[in-house]
Amino acid sequence: MNLKYILSPCGTSLLTNQTQNNKERNLVFKYANEKTKNDIPDADKVQLEQLISKTSALIDTADYQEAIKMSAEINGIIKIYDGSISQNNDFHFLLSTDTWLGEETAKLVEKWLKSKNKNLITLVHRHTDLQTKDISAFQLSLSELIKKFSEELPAYKDNGYKIIFNLTGGFKSVQGFLQSIANFFADETVYIFESSSELMKIPRLPIRMDAINIIEENLISFRNIAINLPVSSFENIPETFLFTLEGETTFSPWGELIWSKSKSEIYKKRVFPSPNPKKIQFGHLFEKNIKSLTADRVEIINNRIDQLNKHLTDQSYNPVSLDFKALKGKAMEPSTHEMDAWADLDAKRIFGHFEGDIFLLDKLDKGLH
């Protein structure tokens, strides 16, 4: 079965295409960035609610040709299916802006899709701060969106889904961003030009952002930025990878992208030196234990050290995958604490102890019973 994961950013074209005059259309534009309907004056809110209700009623009875005229997003989806949505279990991710009108429009697109194929799996995702009223918040929102794609899309690909970015609709700011990252996540990107009724399909291009060297040369900084810890210097990191707001520096959407796409490959190479020598150091036995590890185990150890680094700065952070805790008894002296390495048939834990403010990793061994 050739399953599809179709991402469609949703704008407000479905609403604006149903407006009767410029005044009504201008209301949609005027309040496109408002998060809730309660942010809108009552008189204008009533008109917009009536427009949404009218559009919903039209969607209920719209056939394919009518839906094509009503919505850019639906037009693109119909073209992907060559004119008729097949009876399958495809997944439709409808990306909504963090606005009232954006979410309502995406729900209407979902409503029409489900009316044509109840087997479709649909999700309206209202992404936090995805709006252009606050540009700083918008930038951070894009970075979070990259994290979401990095965490979720590989599982769909592994399960045989073809990832398609349908960029025929949506706001230009969101559309442009998705276009720029499509080659890193999508198998195919589709558009419909305004002057044409034909779908333009762009396959994934054989390109790769060669950021490995930049990251490795600044690995400690990248590791600390990724877990929201302070970084002393950014001078060797290209500005396009960073975003600073009120003195706090995080990854820009591009920085988040190159980190998420490169981290696993880098972390599998070897266990890197401590990202924070003032808090974490390696003992001789621990260094000996990690020398013969396979690449997947090496990646895990690097991730655990990142988690430990964050925990030692913020003790409220202690995820189940880390499970940092004090040992009972003295069986593992000089070690006084342990944390998870990995949990499988060959489960291992990392043992260590404090020497002042420094936590020394003593060894990698089987857990106590």
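Up top is the structure.
Predicted, not measured: the structure shown is a model, and the values here were computed from it.

A. Summary view of the sheet that holds strand β11 (residues 337-342). Taken together, five strands build an open sheet; the order of strands is β9-β13-β12-β11-β10 and the sheet is mixed. In this open sheet, the two strands that pair with only one neighbour each are β9 (280-282) and β10 (325-326). Direction of pairing for β10 relative to β11: antiparallel, over a ladder of two bridges. The partner of Lys325 across the bridge, within β11, is Glu338. Seen against the sheet, helix α13 (residues 295-313) touches β9, β11, β12 (348-355) and β13 (358-365) and runs at an angle of roughly 145° to β11.

B. Here's a closer look at the pattern of salt bridges. Applying the stated rule across the entire model yields 22 salt bridges. The partner of Asp344 in a salt bridge is Arg297, with the nearest N and O atoms 2.8 Å apart. Of the two residues, Asp344 is situated in the loop between β11 and β12 and Arg297 in helix α13; the sequence distance between them amounts to 47 residues. We classify Arg297 as buried; its relative accessible area is 16%. In this structure, Asp365 and Lys363 form a salt bridge, with 3.5 Å as the shortest nitrogen-oxygen distance. We classify Asp365 as partly exposed; its relative accessible area is 30%.

C. Region of the structure containing the environment of Glu338. Its location among the elements puts Glu338 in strand β11. For Glu338, a relative accessible area of 10% translates into the label buried. Spatially, the C-alpha atom of Glu338 lies 5.8 Å from that of Phe324, the residues being 14 residues apart in sequence. Each residue touching Glu338, except ones within four places of it in the same chain, is listed here: Asp323, Phe324, Lys325, Leu327, Arg349, Ile350 and Phe351.

D. Quick peek at the side chain of Glu73. Relative to the elements of secondary structure, Glu73 occurs in helix α5 (residues 72-80). Despite being buried, Glu73 has no salt bridge partner; Arg25 is the closest side chain of opposite charge, sitting 12 Å away. For Glu73, the side chain forms a polar contact with the main-chain nitrogen of Gly170, separated by 3.2 Å. Sequence-distant contacts of Glu73, defined by excluding residues within four places in its chain, comprise Pro9, Cys10, Gly11, Ser13, Asn166, Thr168, Gly169 and Gly170.

Calculation notes
- Residues numbered from 1 in each chain as written.
- Predicted model: local features only at pLDDT ≥ 70, side-chain atom pairs only at ≥ 80, totals over all residues.
- Heavy atoms only, no water.
- Pairing = 2+ DSSP bridges.
- Helix = DSSP H or I, 4+ residues; strand = E, 2+ residues; numbered from the N terminus.
- Contact = heavy atoms within 4.5 Å.
- Axes fitted to C-alpha atoms, helices over the stretch in contact; angles between N-to-C directions.
- Salt bridge = Lys/Arg side-chain N within 4 Å of Asp/Glu carboxyl O.
- Buried < 20%, exposed > 50% of the residue type's maximum accessible area, 1.4 Å probe, protein only.
- Lys, Arg positive; Asp, Glu negative; His and termini not counted.
- Polar contact = N/O pair within 3.5 Å; in protein donor to acceptor, adjacent residues only side chain to side chain.

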